[in-house]
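Breakdown of the fold
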2 protein chains.
Amino acid sequence: MSTRRDAVRQALTESSGFRSAQDLYADLRADGSKIGLTTVYRALQALSDSGQVDVLRTDEGEAVYRACDTESHHHHLVCRVCSTAVEIEGPAVEKWAVEMGAKHGFTGVTHTLEVFGTCARCS
Amino acid sequence: MSTRRDAVRQALTESSGFRSAQDLYADLRADGSKIGLTTVYRALQALSDSGQVDVLRTDEGEAVYRACDTESHHHHLVCRVCSTAVEIEGPAVEKWAVEMGAKHGFTGVTHTLEVFGTCARCS
DNA sequence: TCACGTTTTGACAATCATTTTCGTTTTCGT
DNA sequence: ACGAAAACGAAAATGATTGTCAAAACGTGA
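Below is a summary of the structure that appears in this document. As the structure is a prediction and not an experimental result, all values here were calculated from the model.

The rules we used
- Residues numbered from 1 in each chain as written.
- Chains lettered and ligands numbered in written order.
- Predicted model: local features only at pLDDT ≥ 70, side-chain atom pairs only at ≥ 80, totals over all residues.
- Heavy atoms only, no water.
- Pairing = 2+ DSSP bridges.
- Helix = DSSP H or I, 4+ residues; strand = E, 2+ residues; numbered from the N terminus.
- Near = heavy atom within 4 Å.
- Polar contact = N/O pair within 3.5 Å; in protein donor to acceptor, adjacent residues only side chain to side chain.
- Nonpolar A, V, L, I, M, F, W, Y, C, P; charged D, E, K, R; others polar.
- Least-squares fit on C-alpha atoms with pLDDT ≥ 70 in both.
- Contact = heavy atoms within 4.5 Å.
- Buried < 20%, exposed > 50% of the residue type's maximum accessible area, 1.4 Å probe, protein only.
- Core = buried A, V, L, I, M, F, W, Y, C linked by side-chain atoms within 4.5 Å.

Some details on the sheet that holds strand E2 (residues 54–57) of chain B
All names here are of chain B.
- Read from one edge to the other, the open sheet built from 3 strands follows the order E1-E3-E2, with strand pairing classed as antiparallel. The open sheet has two edge strands with one neighbour each: strand E1 (19–20) and E2.
- Examined bridge by bridge, E1 and strand E3 (residues 63–66) share 2 bridges and lie antiparallel to one another. Residue pairing for E3: Ser 20 is matched across the bridge by Val 64.

Things to note about the protein's contact with DNA strand C
- Lining the immediate surroundings of DNA strand C are 14 residues, of which A:Tyr41, A:Ala63, B:Arg4, B:Thr39 and B:Arg42 lie closest.
- Backbone atoms, meaning sugar and phosphate, form 62% of the atoms of DNA strand C found within 4 Å of the protein.
- Within the backbone of B:Gly36, an N or O atom sits 3.1 Å from a phosphate oxygen of DNA strand C.
- In this structure, a base nitrogen belonging to DNA strand C sits 2.5 Å away from a side-chain N or O atom of B:Arg42.
- For the surface near DNA strand C, the secondary-structure elements that each account for two or more residues are helix H3 (37–49) of chain A together with helix H3 (37–49) of chain B.
- When its residues are assigned to classes, the surface near DNA strand C shows 4 nonpolar, 6 polar and 4 charged.

A few points about the relation of the copies chain A and chain B
- Under the fitted operation, chain A is carried onto chain B by 0.0 Å of movement along the axis and a turn of 180 degrees, and the coordinates agree to an RMSD of 0.1 Å. Given the turn and translation reported, the copies of this chain are related as if by a two-fold rotation axis.
- The overlap is high: 100% of the interface residues of chain A also sit at the interface in chain B, so the same surface is used on both sides.

A look at the side chain of A:His74
Residue and element names in this part refer to chain A.
- Tracing the sequence through the fold places His 74 in the loop between strand E3 (63–66) and strand E4 (75–79).
- Under the relative-accessibility criterion, His 74 is labelled buried at 9%.
- A distance of 2.7 Å separates a polar atom in the side chain of His 74 from the backbone oxygen of Ser 72.
- A polar contact is formed between the side chain of His 74 and the side chain of His 76, at a distance of 3.1 Å.
- Every residue in contact with His 74, bar those within four places of it in the chain, is listed here: Asp 54, Cys 68, Glu 87, Ile 88 and Glu 89.

Let's talk about the pairing of E3(A)
Residue and element names in this part refer to chain A.
- Going residue by residue along E3, you find Ala 63 and Tyr 65 tucked away on one face and Val 64 and Arg 66 tucked away on the opposite face as well.
- Pairing geometry for strand E2 (residues 54–57) and E3, over 4 bridges, is antiparallel. Opposite Asp 54, over in E3, you have Arg 66 as the bridge partner.

Let's talk about the protein's contact with DNA strand D
- Near DNA strand D, the surroundings consist of 14 residues, among which A:Arg4, A:Thr39, A:Arg42, B:Tyr41 and B:Ala63 are the closest.
- Backbone sugar and phosphate groups make up 60% of those atoms of DNA strand D lying within 4 Å of the protein.
- In the environment of DNA strand D, a base nitrogen lies 3.1 Å from a nitrogen or oxygen atom belonging to the side chain of A:Thr38.
- A distance of 2.6 Å is found between a phosphate oxygen of DNA strand D and a side-chain nitrogen or oxygen belonging to B:Tyr41.
- When grouped by side-chain class, the residues that make up the surface near DNA strand D number 4 nonpolar, 6 polar and 4 charged.

So, the nonpolar core
- Counting 22 residues, the largest nonpolar core has A:Trp96 and B:Trp96 as the members making the most contacts within it.
- Those elements that place two or more of their residues in this core are E4, helix H4 (91–103) and strand E6 (107–118) of chain A together with strand E4 (75–79), helix H4 (91–103) and strand E6 (107–118) of chain B.

Structure below.
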């Protein structure tokens, strides 16, 4: 739809890692865009609502976003230094989570799982 | 050491779920304590630094704490409604995470994993 | 018990990411 | 081109968390 949202999506796509809203805003402005911070937040909200970008929280509680190749369920292997991420899958974990939930009487089970480390380039 | 820190630890222990600093502060004050919010944050910081309590972030980015039975590595099955949590282990997942890291050249691999659902009582 | 240096505490101010508010500008359909 | 609806952006508001700093509690040696 909007040119602004596309700009945000593209800024995100140009990075292979997770980026914060403030980050993206700074990048866009640095590239000459007159976009406002509010719009960046709105775009990211819309993109994550529609499942086009993944969101996760840093240890400090800041939200970071990533435009992933697939919209299907997956996890990430994230570099602690440069935040670059690789999409990974773990079928066994999915099953394990559901089983654990059932075992303790929990319904509607979901889970969050992220793997962190230092990538080859940053080592 | 301090009575204050013990008060926070106990307030946390009395709950089987994850609680936020603001939450604990409200509880303590409601119980008649004159403790300050700053002190609650300091106590939680110290307790988590020493590994006596586990911390995780809600979707909204708020930090929530829990006094777990074990200090060894484990994960949680958390009720989405009442936040009660059960400590769970997944040996297979631990190995999987490390393997995934190695496969992509990542070193110093760690991971975060939490399972969410609605507990039997809240269903 | 008293004086004094150290640690802990709590009221209040400062931060900082994120959200709201609210005019203004653009976009679209007709 | 025209008006309604959607998108924008600047600035103010929010809310959790942290920093500051003076007062209070503690411990200890005299």
